[in-house]
Amino acid sequence: MNVQTGFAQDVRVDFTGPYRHAINGALVDSAGSFEVFNPATDEVVAHAPNASRDQVEQAIAAAKAAQPGWAALSQDERGAYIAAYADALDAHKQELITLLTTEQGKPRHSMATTEVEYAIFWVREVAKRRLEDEVIEDTPEHTVKVAHTPLGVVGAITPWNFPVLLGLWKIAPCLVTGNTMVMKPSPYTPLCTLRFGEIAQQVFPAGVLNVVAGGNEQGAWLTEHPDIAKISFTGSTATGRKVMASSSCNLKRITLELGGNDPAILLPGTDYKPLIPTLFDAAYGNSGQWCIAVKRLYVHESLYDDFLRDFVAHAAEKTVGNGMDPNTDLGPIQNKMQYGKLKDLFADVKAQGLSVPLGGEIPDGPGNFVPITIVDNPPKDSRVVREEPFGPILPIIKWSDLDEVVRDANDTEFGLAASVWGPDRDTAIGVANRLEAGTVWVNEIHIHGIDIPFGGHKQSGMGVENGQEGLKEFTNTKTYMFRK
Ligand code: NAD
């Protein structure tokens, strides 16, 4: 494996900006700003405006003022605006992809392109989704109808690992159901969000979608605000708890998409060789900075030695480097905070004397590069098994007893997703039934869909995104009863 640092970039975007908030249809600067870094080079690529409390208030007030007019449109009219937004995003696609690689680090030719294209596809598809009223009782005397009415102003708070996809996942369903929004991206990756906020101002009526950049404080200003009816949050479990506590001030609705420590279980007799590229990508895609990355890989003892050998050989061929280089398979860690956490975890793996057949040493910068690392059968109480690493390090664990491996897989505060792999479908489904997770894949992984609800169990979250259930989370249930 080859770790590259300091690769020169060919594709250029005007990173000097200006990057501005989008408030009430206008692009707005702030007195203060903060630096945004390229994680592959440590260079400052731009300055983002740091929203003042007044500006956050103005954004919320604009969203509140715009909401009744937006809600008064028909679903088809709102859908048409959202489809136009997908077209406008499409027209800026190449710029967004380059910007995403530059601020986030993921490879331009693969994951950054996929993220932006998939996000635009998502917006276009959600534009077609509708929540119809449901007549649940209709007798000669009486009718009962359930409608799904908008909540009002939604505050959206997003993380740094998939800033484009996770941001647009919130915007499209929020707007199609008649709400307006104030979005705040992660301070580590605000640029794409500011740009797609800017693009939105060319499409939507003023105030329908507002974007304000800032740190954690600006997020808290949203969660504690009485004019915000719902918080749609994606981020860590620790922050999710704070969001939940703060949102109690006016009983906000909350959707929390939080962390995970997803197990994958390989059953005896699995024809594992063709699965190795899939399992590698599932664990190391986006350099492991993925809520639903495979973070614990349990392999039956009958396969273990051969699997480990072949998996290490496959991983050793992969290149970690600058995401602008078309030869890069995995980019850097997105920020110094996460890079520091990984250094600490790697030091613990070393201090515990765990077997590391690949990787293990984090080179000095420039760039937050972390090598692809495999930990061979660590103890179940080791940090690399217990914690969500959020980096390119994977414990592969040998198991022999099915009840024990199911117990171990479930022995975590998290319950985001899981996967089971095996030759006999019924056996694999039987194991899947016993796993405590919001999504369980059997002999496939990381399939998502507009109509497929996604959300975590236990401390991986609350509520779902996507699907009709995800749309309904942006609405109140309103029951009408008519005496005929
Ligand atoms: P984070 O919790 O540190 O930050 C997320 C967002 O919350 C940022 O915009 C941040 O500024 C904001 N924030 C921080 N403190 C706040 C507060 N007190 N009030 C309101 N907002 C606040 O998370 P992160 O490090 O950006 O993202 C990584 C985490 O996100 C991982 O745990 C990962 O598993 C999780 N994640 C989950 C999903 C999912 O769908 N379940 C998807 C992607 C990432």
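Conventions used here
Per chain, the residues get numbers from 1 upward, laid out in the order the sequence is written. With pLDDT at 70 or above as the cut-off, local features in this predicted model cover only qualifying residues; side-chain atom pairs require 80 or more to be listed or tallied, and sums for whole chains, interfaces and linings still use all residues. The side-chain numbers reported here are obtained from all heavy atoms of the structure, hydrogens and water having been left aside. Secondary structure counts use DSSP, requiring at least four H or I residues in a row for a helix and at least two E residues in a row for a strand, with both numbered from the N terminus. Here a helix's expected span is defined as the number of its residues, less one, multiplied by 1.5 Å. Per-residue accessibility, obtained with a 1.4 Å probe over protein chains only, is compared with the maximum for each type, and a residue is labelled buried under 20%, exposed over 50%, and partly exposed between these values. Just so you know, the domain bounds were taken from an automatic or database domain assignment. Note on definitions: a residue-residue contact is assigned when non-hydrogen atoms from the two residues lie within 4.5 Å. We count a salt bridge whenever a side-chain nitrogen from Lys or Arg sits within 4 Å of a carboxyl oxygen from Asp or Glu. Here a polar contact is taken to be a pair of N or O atoms separated by no more than 3.5 Å, where protein atoms must pair a possible hydrogen donor with a possible acceptor and residues adjacent in sequence count only if both atoms sit in side chains. Nonpolar residues are Ala, Val, Leu, Ile, Met, Phe, Trp, Tyr, Cys and Pro. Charged residues are Asp, Glu, Lys and Arg, and all others, Gly as well, are polar. Any two strands between which DSSP finds at least two bridges are classified as paired. Inter-axis angles, ranging from 0 to 180 degrees, are taken between N-to-C directions of lines fitted to C-alpha atoms, where helices are fitted over the stretch in contact. Nearness is judged by heavy atoms alone; a residue qualifies as near a molecule or strand once a single heavy atom is within 4 Å of it. Areas reported as accessible are Shrake-Rupley estimates using a 1.4 Å probe. Residue values count occlusion only from the protein chains shown.

*Asks:* Sorry if this is basic, but what is going on with helix α5 (residues 163-176) here?
*Replies:* The periodicity of an α-helix, 3.6 residues per turn, causes residues three or four positions apart to be oriented the same way. In a regular helix each residue adds 1.5 Å, so 14 residues correspond to 20 Å; α5 covers 20 Å between its end C-alpha atoms and thus fits that length. Burial analysis of α5 places 14 of its 14 residues in the buried class, which makes it a mostly covered element. Positive backbone phi, at 100°, marks G178, one or two positions downstream of α5.

*Asks:* Just to check I follow, could you spell out the domain arrangement of the protein for this structure?
*Replies:* Accessible area lost when the parts come together is the quantity often used to give the size of an interface. Taken as a whole, the protein is organised into domain 1 (21-258 + 459-483) and domain 2 (262-449). Measuring from the centre of the C-alpha atoms in domain 1 to the corresponding centre in domain 2 gives 31 Å. Counting from both sides, the interface comprises 28 residues of domain 1 and, opposite them, 32 residues of domain 2. Among the salt bridges present, the one from D42 reaches K336, with a minimum N-O distance of 3.0 Å. Inspection of the region where domain 1 meets domain 2 yields 14 residue pairs in polar contact (both at pLDDT 80 or more). Here the side of domain 1 that touches domain 2 gets 5 residues from one element, more than from any other, and that element is helix α4 (residues 108-126). Classifying every residue of the side of domain 1 that touches domain 2 gives 11 nonpolar, 12 polar and 5 charged.

*Asks:* It is not clear to me how the environment of V406 should be interpreted in this structure. Could you clarify?
*Replies:* Within the secondary structure, V406 sits in helix α13 (residues 402-410). In this structure, V406 is in contact with V431, R434 and L435, ignoring residues within four places of it in sequence.

*Asks:* When you look at the sheet that holds strand β24 (residues 475-483) in this model, what are you seeing that I'm missing?
*Replies:* Pairing between the strands of a sheet comes from backbone hydrogen bonds, and it takes one of two forms, parallel or antiparallel. Reading across from one edge, β6-β7-β24 is the order of the 3 strands in this open sheet, with antiparallel pairing throughout. In this open sheet, the two edge strands, each paired with only one partner strand, are β6 (134-138) and β24. When the angles between neighbouring strand axes are averaged without regard to direction, this sheet yields 20°. As judged from the 4 bridges shared by β6 and strand β7 (residues 142-150), these two strands associate in the antiparallel manner. Each residue of the ladder has a partner; that of V135, found in β7, is K145.

*Asks:* So what exactly am I meant to see when it comes to the side chain of Q218 here?
*Replies:* The topology assignment puts Q218 in helix α7 (residues 216-223). At a separation of 3.1 Å, a polar atom in the side chain of Q218 contacts the side chain of N50. In this view, Q218 contacts N50, A51, V56, K184 and A213; residues no more than four positions away in its chain are not counted.

*Asks:* Quick question: what am I supposed to make of the site of the ligand here?
*Replies:* Around the ligand there are 28 residues in total, and N216, S236, T239, L258 and E388 lie nearest to it. The contact in question runs from an oxygen atom of the ligand to an N or O atom on the backbone of T158, over 2.8 Å. S236 has a polar side-chain atom sitting 2.7 Å from an oxygen atom of the ligand. In the complex, the protein chains occlude 91% of the 850 Å² of accessible area that the ligand would expose alone. Those elements that provide at least two residues to the shell around the ligand are α7, β11 (230-234) and α8 (237-247).

*Asks:* Hey, could you run me through the sheet that holds strand β17 (residues 373-376) in this one?
*Replies:* Spatial strand order, β16-β17-β18-β14-β13-β20-β21: 7 strands in an open sheet with mixed pairing. Each edge of the sheet is formed by a strand with only one pairing partner; in this case those strands are β16 (355-358) and β21 (439-442). Sheet twist, expressed as the average angle between the axes of neighbouring strands with direction ignored, equals 20°. Judged from the 4 bridges that link them, strand β14 (residues 294-300) and strand β18 (residues 393-399) form a sheet pairing that is parallel. If you follow V299 over to β18, its bridge partner there is K398. Contacts from helix α11 (residues 336-351) reach β16, β17 and β18, with the element oriented near 40° to β18.

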